[in-house]
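Residue-level structural notes
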Amino acid sequence: MSAEPDAAALLARLINHEFPDERGRYGPYGGRFVPETLVPPLDRLMAGMRAVLNEDDFQNELNSQLQHWVGRPTPLTRAERLSAAWGAEVWLKREDLAHTGAHKINNAIGQALLAKRLGVKRIIAETGAGQHGVASAAACARLGMPCRVYMGEVDVARQAPNVDRMERLGAEVVAVTNGDRTLRAAIDEALRDWVSSPLDTWYLLGSAVGPHPYPELVCHFQSVIGNEARQQMLDQAGRLPDAAVACVGGGSNAIGLFHPLIADTQIELLGVEAGGRSMGLGDNAASLVAGTPGVLHGCFSMLLQDENGQVHETHSVSAGLDYPSVGPEHALLQLTGRARYVTADDDQALDALNECCAMEGILPAIETAHAFFGAREYAREHPGCCILIGVSGRGDKDLPTLQQLAGVAS
Ligand SMILES: *Cc1c(COP(=O)(O)O)cnc(C)c1O
């Protein structure tokens, strides 16, 4: 069987916005691989989503929160000095300027508003580095809803300032002592909680992963990034970019930037994964570049697993990219060739972070720095090109990590 005619047909359907299909599939990827008990709440979530997302009332309320509380639209900044240094025209979509410092708030306030609208009384969320936990805690405080955040014990210890932030914002943080005691175990625990009280609880999932319809729902709320950026490029640059570049962990900021640009087929979409220490299994978090197909957290996608199908632990200097799988829409974008995925390793990301600080006066998150490295490589290969970089978040949260690394280096 040749894969090529399949990929061409899938690409045509992708560009025609035919995914996800009614089963939540993105070509071969996506779907819903969950215990029976989660089918009714997922169906309820989907029915609510279909009924409410396009209502005028809901959209007005969401837009008002995005404008007056999140601080949208976020600016599009021309990166003058990086442009000169790279021999390219570089534009930055500034999610680092959104409330709580990253794009995650777009999804958190969107889902929390939807949950409230559908009459759900209690929110649970998972968090790895703590950024999604902080965004969820903030959104729930804003809407007056109780919030419980599951966080691996290991992460609780290494991200203490974010635990403090979540608690100040009124969330209850539960340390997960099972499994790998990091993000993967936190998601397992949140799913377990949801199974035990599916009807009065909303699971506020933080990236474009998980069972159908989460990838679609998260993409919906994050697409504000690409929709704004597309219009801002036309208004400020007078053109669309040759390439749009974003870092990819679970894939939510990248899909938010890419999704509204899929039909603009002249724009190259470039996702940058965490290359970590090396491309050996366990040394990176590059699920698309180095993974194989498999199921994790209810979704069929690309996965870092060994030859027995055991999901492997990951490594990245950026906690936010440290997830062994990736959203199914990215897996399809890669399969069809509509987007291309590369890696930046720990050192390359840190180098790009320093360059961005020195040249633009912007301290990006270490996650985001992976996108800057990928963009610089792209500019090297395409002299004179116009590049749009998704600046997913700010790096203030990373100062302890950067200090620690500097200490190790000296
Ligand atoms: C969480 C996070 C990411 C990675 O998550 P995605 O779902 O892949 O976007 C990237 N950048 C920042 C700043 C983050 O906080």
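Residues numbered from 1 in each chain as written. Predicted model: local features only at pLDDT ≥ 70, side-chain atom pairs only at ≥ 80, totals over all residues. Heavy atoms only, no water.

Overview of the site of the ligand
Around the ligand lies a shell of 17 residues, among which Lys104, Ser207, Gly251, Ser252 and Ser392 are the nearest. The backbone of Gly251 places a nitrogen or oxygen atom 2.7 Å from an oxygen atom of the ligand. Between Ser392 and the ligand, the recorded distance is 2.7 Å, taken from a side-chain N or O atom to a nitrogen atom. A total of 380 Å² of accessible area belongs to the ligand in isolation, and the protein chains cover 97% of it. Its residues assigned to classes, the shell around the ligand shows four nonpolar, eleven polar and two charged. Per-domain counts for the shell around the ligand show at least three residues from each of domain 1 (23-66 + 104-218) and domain 2 (72-102 + 223-409). (Near = heavy atom within 4 Å. Polar contact = N/O pair within 3.5 Å; in protein donor to acceptor, adjacent residues only side chain to side chain. Areas by Shrake-Rupley, 256 points an atom, 1.4 Å probe, with all protein chains shown as cover. Nonpolar A, V, L, I, M, F, W, Y, C, P; charged D, E, K, R; others polar. Domains from an automatic or database assignment.)

Regarding the packing of aromatic side chains
The full count for this structure, using the stated rule, is four aromatic pairs. An angle of 25° between the planes, with centres 5.8 Å apart, marks the rings of Tyr29 and Phe300 as stacked. One end of the pair, Tyr29, is in strand S2 (residues 29-30); the other, Phe300, is in strand S12 (residues 299-303), with 271 residues separating them in the sequence. The exposure class of Tyr29 is buried, given its relative accessible area of 8%. Ring geometry for Trp194 against Tyr203: centres 6.1 Å apart, planes inclined by 65°, an arrangement best described as edge-to-face. Note on Tyr203: relative accessible area 1%, which makes it buried. (Phe/Tyr/Trp six-rings, centres within 6.5 Å; stacked < 30°, edge-to-face > 60°. Helix = DSSP H or I, 4+ residues; strand = E, 2+ residues; numbered from the N terminus. Buried < 20%, exposed > 50% of the residue type's maximum accessible area, 1.4 Å probe, protein only.)

Regarding the environment of Lys397
Along the chain, Lys397 falls in the loop between strand S14 (386-391) and helix H16 (399-409). In this structure Lys397 touches Gln131, Ala365 and Glu367, once residues within four positions along its chain are discounted. At a separation of 2.8 Å, a polar atom in the side chain of Lys397 contacts the side chain of Asp398. (Contact = heavy atoms within 4.5 Å.)

A closer look at the pairing of strand S11 (residues 292-296)
Every regular strand shows the same layout, with side chains that alternate between the two sheet faces. Here five bridges tie S11 to S12, and the two strands are oriented antiparallel to one another. Bridge pairing in S12 links Val295 to Phe300. (Pairing = 2+ DSSP bridges.)

Quick look at unusual backbone geometry
Phi is mostly negative for residues that are not glycine, and the peptide bonds are mostly trans. Pro20 follows Phe19 through a cis peptide bond whose omega is 0°. Mapped onto the elements, Pro20 comes out in the loop between helix H1 (4-15) and strand S1 (25-26). Across the junction of His212 and Pro213, the peptide omega takes the value 10°, indicating a cis bond. Counting through the fold element by element, Pro213 comes out in the loop between strand S8 (201-204) and helix H10 (214-237). Notably, His17 is not glycine yet its phi reads approximately 60°, a positive angle. Tracing the sequence through the fold places His17 in the loop between H1 and S1. Backbone geometry places Thr100, a non-glycine residue, at a positive phi of 70°. Within the secondary structure, Thr100 is located in the loop between strand S4 (89-94) and helix H5 (104-117). With relative accessibility at 13%, the residue Thr100 sits in the buried group.

Notes on the packing of H5 against helix H6 (residues 131-143)
Where H5 meets H6, the axes come as close as 8 Å, and the angle between the chain directions of the two elements is 40°. Between H5 and H6, the interaxial angle falls into the category oblique. By crossing handedness, the relation of H5 to H6 is classed as right-handed. Mapping the contact onto sequence places Lys104, Ile105, Asn107, Ala108, Ile109, Ala112, Leu113 and Lys116 in H5 and Gln131, His132, Ala135, Ser136, Ala138, Ala139, Arg142 and Leu143 in H6. Grouping the amino acids of the contact of H5 with H6 by side-chain chemistry returns nine nonpolar, four polar and three charged. (Axes fitted to C-alpha atoms, helices over the stretch in contact; angles between N-to-C directions. Parallel < 35°, antiparallel > 145°, perpendicular 65-115°, else oblique. Left-handed = near helix turned anticlockwise from the far one by under 90°.)

Some details on the sheet that holds strand S5 (residues 122-127)
Taken in spatial order, the four strands line up as S7-S6-S5-S8 in an open sheet, and their pairing is parallel. With one partner strand each, in any of the chains shown, strand S7 (172-176) and S8 form the two edges of the open sheet. For this sheet the average axis-to-axis angle between neighbouring strands, irrespective of direction, equals 25°. Bridge count for S5 against strand S6 (residues 147-152) is five bridges, and the pairing is parallel. Considered in S6, the bridge of Ile123 is made with Cys147. Contacting S5, S6 and S8, H6 runs over the sheet at an angle of about 160° to S5.

Some thoughts on the environment of Ala7
Its location among the elements puts Ala7 in helix H1. In this structure Ala7 comes out as buried when scored by relative accessible area, which is 16%. Aside from chain neighbours lying at most four places away, what touches Ala7 is Leu335 and Thr336.

Side note on the sheet that holds strand S3 (residues 76-78)
As summarised here, the arrangement of the six strands in space is S3-S4-S14-S9-S10-S13, forming an open sheet in which the pairing is mixed. One side of each edge strand has no neighbouring strand; the edge strands of this open sheet are S3 and strand S13 (339-345). Averaged over all adjacent pairs, the angle separating strand axes in this sheet is 25°, with direction ignored. Sheet analysis places S3 next to S4, joined by three bridges and oriented antiparallel. Counted as the bridge partner of Leu76 is Lys93 from S4. Lying on the sheet, H10 is in contact with S3, S4 and S14; it crosses S4 at an angle near 140°.

Geometric values such as these leave the question of function open.
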